[in-house]
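Overview (structure and organization)
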Amino acid sequence: MNENTDTLPPETCEILESLRQCPRVPAPTTLLSTVLLRTGTGDAYASAETPIGPVFVAYNQRGISALTRADEPEQFEVGFRKRFGRPICRVTALPESFATAVAAQLSGERSWAPEFDLRNATAFERSVLLKALEIPRGEVRPYSWIAKEIGRPGAVRAVGTALGHNPVPLLIPCHRVVRSDGAIGDYLLGSDTKRAVLDSEGAAPDIIERLGRQGVRYIANPESHTFCLPTCGGDHRRIDYTQRGLHSEREALAAGLRPCQDCRPATAIAHAMAANVAGGDDFRSSLSSLSDSVSTFALRKGSVMTGTPRFSLATVVLDCSDAHALADFYSRLLGWPVTLSEPDWVLLRCPSGGTGLSFQAEAWYRPPVWPEKPGEQTKMLHLDILVDDLDAAGTHALEVGAVLAGYQPQDDVRVYFDPAGHPFCLFVQ
Ligand SMILES: [Zn+2]
């Protein structure tokens, strides 16, 4: 202090002089972290051991806020401040309660799940992350499962993006979410790490990928007449998939199987069974009759059928090049919700029941030519949709992406093309 003290009041000079006499002692190392945490203005962090090696774990009064691989502390602090906009300081170790909860979570002990601070996540991201938290150690779920479980079946890609923003990987196990085709997929700490962590948890990623390549999406449980996602229960390493593997929900349905209550593998069946409507009843009776006609799944596999099977038209399938885009169009045109979403297959069902409408992506899809011409791709089938007002319905169809056909053969029918080029008719009675 070099300021001239002549003009200051005597008592201030006295204080300044006393301060000069104070021995220079450093602040306690815990002061900054204590202030940040107690005032809720910042976070503290420490390193912790995990299956992927040392990581940095950040926390505050709300819970654990971040986890990354332990690289340079300075780099972590810069990244943290940039992402979360809060100061952070290092401490020697995690508080006992957090250390216990982290260790328990990493070892799969579910009774000690830590609290998380997800305030920087959007509501959608939070719902995705909390759903991922439900996936047991040693099991995996598809991205589409998360989307379906949180009530956003069409948001499969957004689920992937949300998981990519997981601030606490490993602890919220986004590594347990894989592609519907069984491919392990991306991971924010790298695909190799994802595979290694799944392996360390007993999820056998090589088996998961092999099943995916073989097109096995579900497994049949003949004893309980249910079907599951392949890793449900975590005992997939001991399952004979040549006997119990199923390739689609439709195959499971045809075998009279119900979705497992634990892994909740399907929506179309559950939706129809839950719907207290005429269509739902039809669907249910067709299911139970199918179930009656095959005594066990093994019998079906052996093509042993007894009695007279009953048939119920469950869905009409339109081929196209982009199942999600076409489903989106018809969902908006008809007001029907998506009840099943897979990468190449989307199912819509009328909320009041009846036959559903499915969309299947085909790599070699060719749109039909209409009116038909010799030698060109014919339309094979088309949808006739009854409306009460041809003009108003036509306006709505155009708004959601339909194109009015140039050739209109009848007065009380109007022909449009959907985005995949299928002609469809709106008509009045
Ligand atoms: Zn299951």
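The structure contained in this document is the topic of the report that follows. (Residues numbered from 1 in each chain as written. Predicted model: local features only at pLDDT ≥ 70, side-chain atom pairs only at ≥ 80, totals over all residues.)

What follows concerns the nonpolar core. Core analysis: the biggest nonpolar cluster contains 45 residues, and Val-57, Ala-58, Ala-132, Ile-146, Val-159 and Val-177 have the highest contact counts within it. The element best represented in this core is strand E2 (residues 53–60), accounting for five residues. The residues contacting Val-159, other than those within four sequence positions of it, are Val-128, Tyr-143, Ile-146 and Ala-147. Core analysis: the next-biggest nonpolar cluster, separate from the first, contains 21 residues, Leu-318, Phe-329, Phe-359 and Val-415 among them. (Core = buried A, V, L, I, M, F, W, Y, C linked by C-beta atoms within 7 Å. Buried ≥ 20, exposed ≤ 12 C-beta atoms within 10 Å, placed from the backbone. Helix = DSSP H or I, 4+ residues; strand = E, 2+ residues; numbered from the N terminus. Contact = placed C-beta atoms within 7 Å.)

Right, let's get into unusual backbone geometry. Look at the link from Trp-370 to Pro-371: it is a cis peptide, with omega at -5°. In this structure, Pro-371 sits in the loop between strand E14 (356–361) and strand E15 (383–386). For Arg-264, which is not a glycine, the phi torsion comes out positive at approximately 40°. Topologically, Arg-264 is positioned in the loop between strand E10 (258–259) and helix H12 (268–274). Judged by the 16 C-beta atoms lying within 10 Å of it, Arg-264 falls in the partly exposed class. For Met-380, which is not glycine, the phi torsion reads 70° and is therefore positive.

What follows deals with the pairing of strand E13 (residues 345–348). Of the strand pairs in this sheet, strand E12 (residues 338–342) and E13 are connected by four bridges, and their pairing is antiparallel. Residue pairing across strands places Val-338 opposite Leu-348, the latter belonging to E13. Taken together, E12 and the strand that follows it, E13, pair antiparallel across an intervening segment of two residues. Across four bridges, E13 lies against E14 in antiparallel orientation. The residue bridging Trp-345 from the neighbouring strand is Gln-360, located in E14. (Pairing = 2+ DSSP bridges.)

Another aspect to go through is the sheet that holds strand E16 (residues 403–404). Reading across from one edge, E15-E18-E17-E16 is the order of the four strands in this open sheet, with mixed pairing throughout. The sheet is open, and its two edges are formed by E15 and E16, each paired on a single side. Relative to strand E17 (residues 413–417), E16 runs antiparallel, the two being bridged by two bridges. Across the sheet, the residue bridging to Val-403 is Phe-417, located in E17. Contacts between helix H16 (residues 390–399) and the sheet are confined to E16, E17 and strand E18 (423–427), with E18 contributing the most and set at about 150° to the helix. (Axes fitted to C-alpha atoms, helices over the stretch in contact; angles between N-to-C directions.)

The next thing to look at is helix H5 (residues 123–132). Where H5 is concerned, the buried positions are Glu-125, Val-128, Leu-129, Lys-131 and Ala-132. Seen along its axis, H5 keeps its buried residues to an arc of 160°; they face one direction. (Arc of directions from axis to C-beta.)

Right, let's get into helix H8 (residues 191–200). Every buried residue of H8 is accounted for by Lys-194, Val-197 and Leu-198. Seen from one end, H8 has its buried residues packed into an arc of 100°, which puts them on one side. Those residues of H8 that are buried are in contact with helix H9 (205–213). Looking one or two residues past H8, Gly-202 carries a phi angle of roughly 85°, positive in sign.

Glancing now at the pairing of E18. Every second residue of E18 is oriented toward a common face, the buried set being Phe-424 and Leu-426 and the non-buried set Pro-423, Cys-425 and Phe-427. With four bridges connecting them, E15 and E18 associate as parallel partners. The residue of E18 that forms the bridge with Leu-386 is Phe-427. Bridging between E17 and E18 involves five bridges; their strand directions are antiparallel. From the neighbouring strand, Arg-414 faces E18, where its bridge partner is Leu-426.

Below, the discussion takes up the sheet that holds strand E7 (residues 218–221). Across the sheet, which stays open at both edges, the four strands sit in the order E9-E7-E8-E10 with mixed pairing between neighbours. Looking at which strands have only one partner, the edges of the open sheet turn out to be strand E9 (245–246) and E10. Sheet analysis places E7 next to strand E8 (residues 226–228), joined by three bridges and oriented antiparallel. Considered in E8, the bridge of Asn-221 is made with Thr-226.

A few words now on the packing of H5 against helix H7 (residues 156–164). One way to put it is that H5 packs onto H7 with a least axis distance of 9 Å and a crossing angle of 80°. When the axes of H5 and H7 are compared, the pair comes out roughly perpendicular. For the pair H5 and H7, the contacting residues are Phe-124, Glu-125, Val-128, Leu-129 and Ala-132 in the first and Ala-158, Val-159, Ala-162 and Leu-163 in the second. Residues belonging to the contact of H5 with H7 are distributed by class as follows: eight nonpolar, no polar and one charged. (Parallel < 35°, antiparallel > 145°, perpendicular 65-115°, else oblique. Nonpolar A, V, L, I, M, F, W, Y, C, P; charged D, E, K, R; others polar.)

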